[in-house]
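Report on the structure
In case you want the letters, here they are:
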Amino acid sequence: MFERRLKIILALPIIFGAVIVVRLYQLQILKGDDYERQAEAALVSPKQFLPPLRGRILDRSGRVLVSDEPAHDVTVHYGILSLNRAYLLLLADNIRRQDPNWRHAADAALEAEVQHRIADMWLTLERASGVPLKQLLRRREAICYRIERLRRHIWDARRKQGLHEDYEKLRLAQEDWFHSILRDVTPALRTRIELDLSGLPCVRVEPSVRRVWRDDAETLCHVLGRLGQVSAEQIKEDPLGDDWLACYRAGGLAGVSGVERLAEHMLRGKRGYEEHYRDGTPKEQASSIDGLDVQLTIDMDLQRRVAGILAVAVIDHPPATGASCVVIDVESREILALVSVPTYSRQTLRTRFEHLRDDAKHLPLLFRAVQGEYQPGSIIKPVSLLAGFSHNLVDSGRTVFCDGQLIPGAAKWHCWTHWRGMAGHGPVAAEEAIQHSCNVYFYTLGQRINAKRITAFFRSFIRGSDSPDTTPRGTGLIEERPGLIPSLEWMRQYRNRRFRPADGRNYAIGQGEIQLTPLQAANMFATIATGRYQDPTIIANDMNDRPVIPIDAVPASAWQLTRRGLYRCVNEQGGTAFKHARLDAVEICGKTGSAQCTPRVVRRRFTFAAADETGSAVSVIASTVEAACEALDLPVGTQPAKTEIVERYPVPDPDSGKIPTHAWFAGFAPYRNPKIALTVLVEYGGSGGRTAGPVGRQVFEALLESPRGYLEG
């Protein structure tokens, strides 16, 4: 018995020793690296990101229009923004360890203290910054929404790949980041927040950057665009999403419009970071990489001068609501001016956004040059003539007799002379048809070509979303609209019919369903001037390939005849632009147009299904659905159950019942060696000759006076 007990006593130390050895092996060998990392992490402060400078935007001459300057943001850890329980418990434990008064407190009391400090944090940020608490919390909700959408996307993608995991356990890198709540804070605000919130490790003031515009860049506001917080879609589709220093972060900024969006891939840089031990000793760091500069083809001086000319034209021609002008180099297709009036300043966009958004009459936020789609009216007649030549339906010497009407006694299909009480043009040949803008000639021509063939030919000059090829056309600006050249499929889908003979007549004079943007119209005239199509560009250093596409179906003699007709339109008596667009210093080829249009809806009655206190639907008259939601204090994005038009602008003339037409002028110069093409549009400006023609002449004068010699040679 004694020996047995002795053996047990002797065996116990051996067993315990073996257990200790196994445990030491497990701790030091199997998990040694993990514990070493954890120990090191406890000694290391969280990484602090170093933002890169976004690339500058320069004008044609290299003048800086937009650049970044160093700034500071107030950031909050995502654990606080999302009220993540695990993170809140970590904060409670941190309070217990650092504050002797809470060392022996109950867990529930500590959790309540954490909630109290978080609430006090938001109130402190409100008092210090002057930003309403409601707005701060809205920013918090937006960040959480974007990250949750990203989590859902990743979880769904993994599930489709056969990877099944608990949704709640899926963690994103963004959940360990600090996200901006206040941007570009002043030094005084920075100091106050650092002092008032020094006890909360979940709040930081981090280095950042702010976007600074040149003081006189207001006329370029539509072109330059703006930055906005990255969306969940941008984060999901980010081509640099695998690079943790270059990828988008929830709450970060990216271009959302204009060149800021178009050149985002060039302008964005790559973050750096710094990592320190708790005692402040540097551990590791990586420098940030700044974005590339983007040089525009826009001449800022020309842009400003043209904007001034347009602003005066709108004032001088009530009820005009706005205007646009595009100036383009016919050889390179570089855009020299891309002007939309009215405009706004960056400051007014920040402080008066709701007013700008709700101005349904003047639409100051509309980038008219590329976003506005208008019936072209008579400026498309030169292309209609070329379409006739391409189908061998035009003989330069053949005439069409114009007595002011196409069909005797009909209520429609009159020449413009009829509406002015003038006699018809008499016998008109091709060249004179352009010079005098004879509707009867082009009605006849459009009917002979037919709608299907004439629209197919138009697409050689005006390439939008339904171009013959699949290559994206235009500048690439997110605002750019494709225009509309109706196809047979489009007519079946949206008009529930096939083409009719009347459609060919309408399209030949630029009426009916056809719509162009001012940029498309300017490029159309550059194509007439050169005989080839090429996409326009607004960025000089993007290195994108823009192939030249010749229009082979038109003989050289037809191009020459059409250009002579445009020359005579401006430079000979009887031309519709002779009185208003001619210049002695340069031979301008051009065409005026007065396009019929519909009045613009400026106010609607919005009825929402959301019930009020009486249980009935609520309605309000407003210019936009956003304004209606705000007036009724409804959640953003609430859609009305019913919408009714209350007011349009402009009101019809009480005598004729008509509204003013859109006024066009489009042309190129010089005649024998084209250098520049341009287009002018004045919304509801009336006569193209009397309103848009003088504006076109003034723009050509500005080009002549430019020290850059745009019309020389």
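Looking only at helices and strands, the protein features 27 helices and 22 strands. In terms of overall dimensions, the protein has C-alpha extents of about 135 × 65 × 55 Å along its principal axes. When burial is assessed residue by residue, the protein has 50% of its 713 residues classed as buried. Counted over contacts in the protein with a minimum sequence separation of 6, partners at least 24 positions apart contribute 72%. Of the roughly 34700 Å² of accessible surface on the protein, a fraction of 52% belongs to carbon and sulfur atoms. Between the centroid of the 92 positive side chains of the protein and the centroid of its 85 negative side chains there is a distance of 4 Å.

It is worth spelling out the nonpolar core at this point. Membership of the largest hydrophobic core comes to 97 residues, with the highest contact counts inside it found for Leu-296, Leu-338, Leu-385, Tyr-441, Phe-461 and Ile-538. Broken down by element, this core gets its largest block of residues, eight residues, from helix H23 (residues 518–530). The residues touching Tyr-441, leaving out its near neighbours within four places in the chain, are Leu-385, Val-394, Val-400, Val-428, Ala-429, Ala-430 and Ala-433. Membership of the second largest hydrophobic core comes to 39 residues, among which are Ala-92, Cys-144, Ile-235 and Ala-254.

We now examine the side chain of Lys-591. For Lys-591, the position within the fold is in strand S17 (residues 589–595). Buried charge without a partner: Lys-591 forms no salt bridge, and the closest opposite charge is Glu-432, 14 Å away. The residues contacting Lys-591, other than those within four sequence positions of it, are Ser-378, Ile-379, Lys-381, Ile-434, Ser-437, Phe-525, Leu-566, Cys-569, Thr-576, Trp-664, Phe-665 and Ala-666.

This next bit is on the packing of aromatic side chains. In the structure shown here, the tally under the stated rule is nine aromatic pairs. Ring geometry for Trp-244 versus Tyr-273: centroids 5.2 Å apart, planes at 45°, classification tilted. A residue pair is termed long-range when its members are at least 10 positions apart, and Trp-244 in the loop between helix H9 (232–236) and strand S7 (253–255) and Tyr-273 in strand S8 (residues 272–276) qualify at 29 residues. The partly exposed category is assigned to Trp-244, whose relative accessible area is 38%.

Moving on, we come to the state of the cysteines. Here the structure, examined in full by the defined rule, presents zero disulfides. The cysteine Cys-247 is free of any disulfide, with Cys-144 supplying the nearest cysteine sulfur at 18 Å. When its relative accessible area of 8% is taken as the criterion, Cys-247 is described as buried. With no disulfide of its own, Cys-438 has Cys-402 as its nearest cysteine by sulfur position, at a separation of 3.7 Å.

Right, let's get into the pattern of salt bridges. With the rule as written, the count across this model stands at 50 salt bridges. Between Arg-63 and Asp-299 there is a salt bridge, with the nearest N and O atoms lying 3.9 Å from each other. With Arg-63 in the loop between strand S2 (57–58) and strand S3 (64–77) and Asp-299 in the loop between strand S10 (294–295) and helix H12 (300–316), this pair connects stretches of sequence that are 236 residues apart. Close ionic contact of Glu-206 with Arg-204 constitutes a salt bridge, the shortest N to O distance being 2.8 Å. In this pair, the class of Glu-206 matches that of Arg-204, namely buried. The network of salt bridges with common partners includes Arg-54, Asp-68, Arg-211, Glu-260 and Glu-264.

Moving on, we get to the sheet that holds S8. Strand pairs in the sheet, formed through backbone hydrogen bonds, run parallel or antiparallel to each other. Pairing is antiparallel in the open sheet, where three strands are placed in the order S1-S8-S9. On the outer flanks of this sheet lie strand S1 (48–50) and strand S9 (282–286), each paired with one strand and no other. Going from strand to strand, the sheet's axes swing by 15° on average, the running direction of each strand aside. Bridge count between S8 and S9: four bridges; the pairing is antiparallel. What sits directly across from Glu-274, in S9, is Gln-285.

It is worth spelling out the sheet that holds strand S11 (residues 323–329) at this point. The sheet built from five strands is open, its strands ordered S12-S11-S22-S21-S17 with antiparallel pairing. Two strands bound the open sheet, and with one partner strand each, they are strand S12 (335–341) and S17. Taking each pair of neighbouring strands and ignoring which way they run, the sheet shows an average axis angle of 5°. Of the pairings in the sheet, the one linking S11 to S12 comprises six bridges and is antiparallel in character. Along S12, the bridge assignment pairs Cys-325 with Val-339.

Right, let's get into the environment of Tyr-374. Checked against the element boundaries, Tyr-374 lands in the loop between helix H15 (368–371) and helix H16 (381–390). On the basis of relative accessible area, Tyr-374 is assigned to the buried category, the value being 6%. For the pair formed by Tyr-374 and Thr-517, sequence separation is 143 residues and the distance between their alpha carbons is 6.3 Å. Here the side chain of Tyr-374 touches Glu-683 through a polar contact of 2.6 Å, side chain to side chain.

This part takes up the packing of helix H4 (residues 85–98) against helix H5 (residues 107–129). Two elements in contact, H4 and H5, have axes separated by 9 Å at closest approach and are oriented at 105°. Between H4 and H5, the crossing angle belongs to the class labelled roughly perpendicular. Together, Arg-85, Leu-88, Leu-89, Leu-91, Ala-92, Ile-95 and Arg-96 of H4 and Asp-107, Leu-110, Glu-111, Glu-113, Val-114, Gln-115, Arg-117 and Ile-118 of H5 make up the contact between the two elements. Tallied by class, residues from the contact of H4 with H5 come to eight nonpolar, one polar and six charged.

Consecutive side chains of a regular strand alternate in pointing toward one face of the sheet and then the other. Most of strand S4 (residues 178–182) is tucked away: five of the five residues are buried. Here four bridges tie S3 to S4, and the two strands are oriented antiparallel to one another. Residue pairing in the sheet places Thr-75 in a bridge with Ser-180 of S4.

Attention shifts here to the packing of helix H20 (residues 451–458) against helix H22 (residues 501–508). Following both chains from N to C, one finds H20 and H22 inclined at 30°, their axes separated by 8 Å at the closest point. Across the interface between the two elements, Ala-451, Ile-454, Thr-455 and Phe-458 from H20 touch Asp-503, Gly-504, Tyr-507 and Ala-508 from H22. Here the contact of H20 with H22 is built from residues that sort into five nonpolar, two polar and one charged.

When we look at burial in H20, the residues that qualify are Ala-451, Ile-454, Thr-455, Phe-457 and Phe-458. Axial view of H20: buried residues confined to an arc of 160°, hence all on one face. In this fold, the buried residues of H20 make contact with H16, helix H19 (439–449) and H22. Capping the start of H20 is the job of one residue whose side-chain oxygen sits 3.1 Å from the backbone nitrogen of Lys-452: Asn-450.

Quick look at unusual backbone geometry now. Comment: phi is negative for the bulk of residues other than glycine, and the bulk of peptide bonds are trans. Following Val-341, the chain continues into Pro-342 via a peptide bond in cis, with omega recorded as 5°. You can see Pro-342 is positioned in the loop between S12 and helix H13 (346–351). The residue after Tyr-649, namely Pro-650, is reached through a cis peptide bond having omega -5°. Here Pro-650 lies in the loop between strand S20 (642–649) and strand S21 (662–669). Positive phi, close to 50°, is recorded for Asp-184, a residue that is not glycine.

What counts and how
Residues numbered from 1 in each chain as written. Predicted model: local features only at pLDDT ≥ 70, side-chain atom pairs only at ≥ 80, totals over all residues. Heavy atoms only, no water. Helix = DSSP H or I, 4+ residues; strand = E, 2+ residues; numbered from the N terminus. Buried < 20%, exposed > 50% of the residue type's maximum accessible area, 1.4 Å probe, protein only. Contact = heavy atoms within 4.5 Å. Areas by Shrake-Rupley, 256 points an atom, 1.4 Å probe, with all protein chains shown as cover. Lys, Arg positive; Asp, Glu negative; His and termini not counted. Charge placed at Lys NZ, Arg CZ, Asp CG, Glu CD. Core = buried A, V, L, I, M, F, W, Y, C linked by side-chain atoms within 4.5 Å. Salt bridge = Lys/Arg side-chain N within 4 Å of Asp/Glu carboxyl O. Phe/Tyr/Trp six-rings, centres within 6.5 Å; stacked < 30°, edge-to-face > 60°. Disulfide = S-S within 2.5 Å. Pairing = 2+ DSSP bridges. Axes fitted to C-alpha atoms, helices over the stretch in contact; angles between N-to-C directions. Polar contact = N/O pair within 3.5 Å; in protein donor to acceptor, adjacent residues only side chain to side chain. Parallel < 35°, antiparallel > 145°, perpendicular 65-115°, else oblique. Nonpolar A, V, L, I, M, F, W, Y, C, P; charged D, E, K, R; others polar. Arc of directions from axis to C-beta.

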